[in-house]
Every structure is written in structure tokens, then in C-alpha cells.
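# A closer look at the structure
Here's the letter readout for the chains.
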Amino acid sequence: MAERIPLSLVVITRDAAPEIAACIASASFAAETVVVDSGSRDDTVEVARASGARVVHRDFLGFGPQKTFAVGQAAHDWVLCLDADERVSPELADSIRALFSGGPPQAPACAMARRNRFLGRWLAHGEGYPDWNVRLFDRRRARWTDDPVHEHVVADGPVVRLAGDLMHASAESIEAYVAKQNRYTTLQARALHARGERASLARMALSPMVRFLRFYVLKAGFLDGAAGFAHIAIGAFASFLKYTKLRGLETRGDFANRNPPAGP
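Attention in this report is confined to the structure presented alongside it. Computed from a predicted structure; not experimentally measured.

### Some thoughts on the overall build of the chain
- Scanning the chain for helices and strands turns up 7 helices and 11 strands.
- By the compact-globule yardstick of 18 Å for 264 residues, the chain fits well, its C-alpha radius of gyration being 20 Å.
- Expressed as a percentage of the 264 residues in the chain, the buried residues total 47%.
- Across the chain, the fraction of contacts at a sequence separation of at least 24, relative to all contacts at a separation of at least 6, is 73%.
- When the accessible surface of the chain is split by element, carbon and sulfur atoms take 57% of a total near 13,500 Å².

### Some words on a nonpolar patch on the surface
- Where nonpolar side chains cluster on the molecular surface, the patch consists of Leu 119, Ile 174 and Val 178 and spans about 240 Å² of accessible area.
- Along the chain, Leu 119 falls in the loop between strand S6 (109-118) and strand S7 (121-122).

### Section: empty space enclosed by the protein
- Following the criterion strictly, the structure yields 1 cavity of 30 Å³ or more and no others.
- Within this model, the largest cavity holds a volume of roughly 40 Å³.
- Ranked by residue count, the leading element in the lining of the largest cavity is strand S1 (residues 5-13), at 3 residues.
- In terms of residue class, the lining of the largest cavity is built from 6 nonpolar, no polar and 1 charged.

### Some thoughts on the nonpolar core
- Leu 7, Phe 29, Leu 80, Val 88, Ile 96 and Leu 136 are the most contacted members of the largest nonpolar core, which has 30 residues in total.
- For this core, the secondary-structure elements that each account for two or more residues are S1, helix H1 (17-26), strand S2 (30-37), helix H2 (44-50), strand S4 (78-83), helix H4 (90-100), S6 and strand S11 (159-168).
- When residues no more than four places from it in sequence are discounted, the contact partners of Leu 80 are Leu 7, Ser 8, Leu 9, Val 10, Ala 27, Phe 29, Val 88, Ile 96, Met 112, Arg 135 and Leu 136.

### Focus on the pairing of strand S3 (residues 54-57)
- Alignment of S2 against S3, held across 4 bridges, turns out to be parallel. Considered in S3, the bridge of Asp 37 is made with His 57.
- Crossover S2 to S3 through H2 is right-handed.

### A look at the state of the cysteines
- As enumerated under the stated definition, the model contains 0 disulfides in all.
- Cysteine Cys 23 remains unbridged, with the sulfur of Cys 81 as its closest cysteine sulfur at 11 Å.
- Judged by its relative accessible area of 0%, Cys 23 falls in the buried class.
- Residue Cys 110 stays outside any disulfide, its sulfur separated by 12 Å from that of Cys 81, the closest cysteine.
- Residue Cys 110 is classed as buried on the basis of its relative accessible area, which comes to 0%.

Basis of the calculations
Residues numbered from 1 in each chain as written. Predicted model: local features only at pLDDT ≥ 70, side-chain atom pairs only at ≥ 80, totals over all residues. Heavy atoms only, no water. Helix = DSSP H or I, 4+ residues; strand = E, 2+ residues; numbered from the N terminus. Rg over C-alpha atoms; globule rule 2.2 N^0.38 Å. Buried < 20%, exposed > 50% of the residue type's maximum accessible area, 1.4 Å probe, protein only. Contact = heavy atoms within 4.5 Å. Areas by Shrake-Rupley, 256 points an atom, 1.4 Å probe, with all protein chains shown as cover. Patch = residues over 30% accessible without salt bridge, like charges linked within 9 Å, V, L, I, M, F, W, Y side chains within 5 Å. Salt bridge = Lys/Arg side-chain N within 4 Å of Asp/Glu carboxyl O. 1 Å grid on protein atoms, 1.4 Å probe; cavity = no way out; pocket = protein on both sides within 12 Å on 5 of 7 lines; lining within 4 Å. Points joined across faces, edges and corners; volume = space filled by probe spheres on them. Nonpolar A, V, L, I, M, F, W, Y, C, P; charged D, E, K, R; others polar. Core = buried A, V, L, I, M, F, W, Y, C linked by side-chain atoms within 4.5 Å. Pairing = 2+ DSSP bridges. Right-handed = clockwise from strand over helix to strand, strands pointing away. Disulfide = S-S within 2.5 Å.

So this is what it looks like as C-alpha cells:
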């Protein structure tokens, strides 16, 4: 067996039994695997432990805080954060090994191109690829944001890009995918509302249009056929839904803050 790299693979899970073993196996170069589970009702915990992971339970805090907690459980300062339905491609694994071949990297964090599978097709354009994500970082010099959804890593210095793809091999149904977008847009709208942002008619109308034109036309999403069109169309609708929900929160707040009507 090749020598393990002094980094921790960190995965947050819930009901991920069909995916977690393959995820862990794809990063077998990691010296340690930590899985933070938020109450799976299937065999996720058992499968993860059988795959060599140390499993910690933590009730779900929101994606950003949950990942921050998970990173804090790692034994190594360098962490590779994956979702259960993601896989490190062989080329990306070679890039990570080369990065650590001369000792700990100088850069605080590394980004990798995530390739998304949608409707049975690996997307190669649009917002499906290359979907650059920072997933490998030194927790002393980089960290997850506290965003409850669409969290990201911020680093104290330049981020380097690695060769090779992070394969997002989601096998969820369209129904499950749309339901997830519904949940995510609710969390996004709440976060925007908490920051005092407003949803104007122009924002509700233009945001989905701009997103569709950017990814379907400018970034050639049309080359991915029906899968590319559906992926970007759902994303554009999610933009509309986010701002519509924000408008609903504003309306609800305005109604609650109104003075009661005068009595008869």
C-alpha cells in the first residue's frame, strides 16, 4: 500500500449509506477519515466505520457550521472536505500526492474542478463544469464560512488549482434534486432577509434570466444537450424562487409590523 498523506478526509453525512464507502475509497491516500453524521436513519454510520472512518455524531447546524465542526474533529491540520456523493478521480489523487511529495504545501488552500453528473450525463459546460471548489486546505490558514447553505472556503492567501476532477456522482432523482433546491432556496432567502437585503421586482425577474444566459449561452451549456438545458433551467428557477421567498419574508414582516386597524 502507498504511504498515506498526512491529511484528514472529512465528510458530513446523513442517510448516505449507498455513497459513503466509494467516497472514502476514492481518497484512500488520506491518513485519516472523519465522518460527522447528523442522525442517519440508514446504515451510513456502520458502512463508514467498516470503511475505516472515525464517526462523530452532531445534530445538523447548517452546512457551513456543520463543516466547520467536522474540520475541528480532524487529527491533521490539512483537510480534504468531500460530500458523500463525491469521488476523487485518479488524476486528482495523483495531483494531491504530488502536492505533498515535498512536504506540506506552501499555499493555504487548493481548488479542484468539480464535474457534475445530471440526468445520466457528465456535464462538460455551463455551471456543471468546471465547477471550481476549494476543498483541500490548511485549517490554520483557511476555513468554511458560516453560511447555512452554499458555504465556501475562505483562505488567508492565494489558492492554487489542482489538475484532475472531483466527480460529483449524484444518483438522486429529479424529484429529490428539485426538493433539495426548494430547501436550499428557503435557507438562502432567510440568510438574505437576516442581512436586510430586499427582493425588488427587477431582481426577481432579472436574476434568473441573467443566470440562464450566463451559463447556457456564454458558458456553452447548450453543448450538454437536454441534460445541460434542464440543469441550467432548474438553476435559473432556483434564483427566481430564492428572491420570491425573500419577498414573502419581507411581506410577512411588513404585515406583522403594521399598526392594527382602529376599532369601530
